[in-house]
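Examining the three-dimensional arrangement
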Amino acid sequence: MNTPDRAFTRRLDLTTLQLFVAVCERGSIGKAAETEFMAPSAVSKRLSDLETTVGTPLLRRHARGVTPTPAGQSLLHHARSVLFSLDKMQGELSEYAHGVRGHVRVHANISAIVQFLPEDLGAFIRSHDAIKIDLEEHLSTEVLRAVQEGAADLGICHVGEDAQALALQTRPYRQDRLVLIVPATHALAGHSELPFAASLDWDHVGLHANSSIYRAMHEAALREGRSIRLRIRVTGLDAMCRMIHNGLGVGLMPQRAFELMHGVGELAAIPLTDTWATRRIDLAARDFSSLPVSARLLVDHLSARSADTTSPT
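What counts and how
- Residues numbered from 1 in each chain as written.
- Predicted model: local features only at pLDDT ≥ 70, side-chain atom pairs only at ≥ 80, totals over all residues.
- Heavy atoms only, no water.
- Helix = DSSP H or I, 4+ residues; strand = E, 2+ residues; numbered from the N terminus.
- Buried < 20%, exposed > 50% of the residue type's maximum accessible area, 1.4 Å probe, protein only.
- Contact = heavy atoms within 4.5 Å.
- Phe/Tyr/Trp six-rings, centres within 6.5 Å; stacked < 30°, edge-to-face > 60°.
- Expected span 1.5 Å × (residues − 1).
- Arc of directions from axis to C-beta.
- Pairing = 2+ DSSP bridges.

Within the secondary structure layout, Asn-210 lies in the loop between strand 7 (204-206) and helix 10 (212-223). Take Asn-210: its relative accessible area is 42%, and that puts it in the partly exposed class. The sequence separation of Asn-210 and Leu-139 amounts to 71 residues, and the corresponding C-alpha distance is 7.0 Å. Excluding its chain neighbours within four sequence positions, the residues that come into contact with Asn-210 are Leu-139, Thr-141 and Arg-215.

Structural data, given as structure tokens:
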């Protein structure tokens, strides 16, 4: 197949791509035909024609059903991406028909969502009430992956070196500072500041293993030749505070996030002296210049908010 041959794209049709995805997901032509309300013979014929168009086998047929070949796996990835984009296009166009003049898909980590985005997005919506923002919370690694794969227009998270590896563009947004949270009666509670290593003698309440905070903690402990005594993992910062208040350990979280959670236990926050405890939160996109107008307006707004607001230290 000659890559520049546009006849290839003209020979594909969306129904066949949908059928191919359904067959791969169900592992059976018969089951996919039943779900898609078509005769199995018709589905089989479309798949055979697709293999002829592509010029290589896409499915391995066996007694228990079918499985995609390596070429089929590649087509499955691209077919899902195409169908996902079409669903998004249909949704956005229907919103335009109802008066929405823009739609921005944002994925952000919990630190950005808890500390900064409620106020910043609220201010944006008050000035651009016809623009719809879909905001989803994910781990930083998942945020960047979603931007790379096109599932999100804009990512907001702690980027580190991951953005360069994924060939993403970034812009600075905010800074946060990690603090050690301990019960108010804890032996460390009287300190004005501490190195993270001082917490390694105590049990920890931690976040998800792939969270940017836990990854930073783990790397810091390795540099000390130590390990983290992790007693429990939680999925949210409020849950972390409640666990710490009830004596299950100590934990790390952004200082501003702790300050915003009033009354979640009798706790003390101790700033860390480690340089890595001050972290950047960045905006990430595949290409800022090619974003839709509504997304570029949001990027400009968030960048301006970053410049106008003094970051916590």
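The next subject is the packing of aromatic side chains. Counted according to the given criterion, the structure contains two aromatic pairs. A centroid spacing of 6.2 Å and a plane angle of 85 degrees characterise the contact between Phe-116 and Tyr-173, whose relative ring orientation is edge-to-face. Of the two residues, Phe-116 sits in the loop between helix 6 (110-115) and helix 7 (117-127) while Tyr-173 sits in strand 6 (residues 169-183), which places them 57 residues apart along the sequence. A residue is classified by how much of its surface remains accessible, and Tyr-173, at 1% relative accessible area, is buried.

Attention shifts here to helix 4 (residues 40-54). If you check helix 4, its first and last C-alpha atoms are 21 Å apart, about what 15 residues at 1.5 Å a residue would give, namely 21 Å. All of the buried residues along helix 4 are Val-43, Leu-47, Leu-50, Glu-51, Thr-53 and Val-54. Within helix 4, the buried residues cover an arc of 160 degrees as seen down the axis, which keeps them to one side. More than 90 degrees from the buried face of helix 4, the exposed residues found are Ser-41 and Thr-52.

Because side chains alternate across strand 5 (residues 154-157), one face comprises the buried residues Leu-154 and Ile-156, and the other comprises Gly-155 and Cys-157, equally buried. Sheet topology places strand 5 next to strand 11 (residues 278-285); three bridges connect them, and they run antiparallel. Within strand 11, the position partnered with Ile-156 by the bridge is Leu-283.

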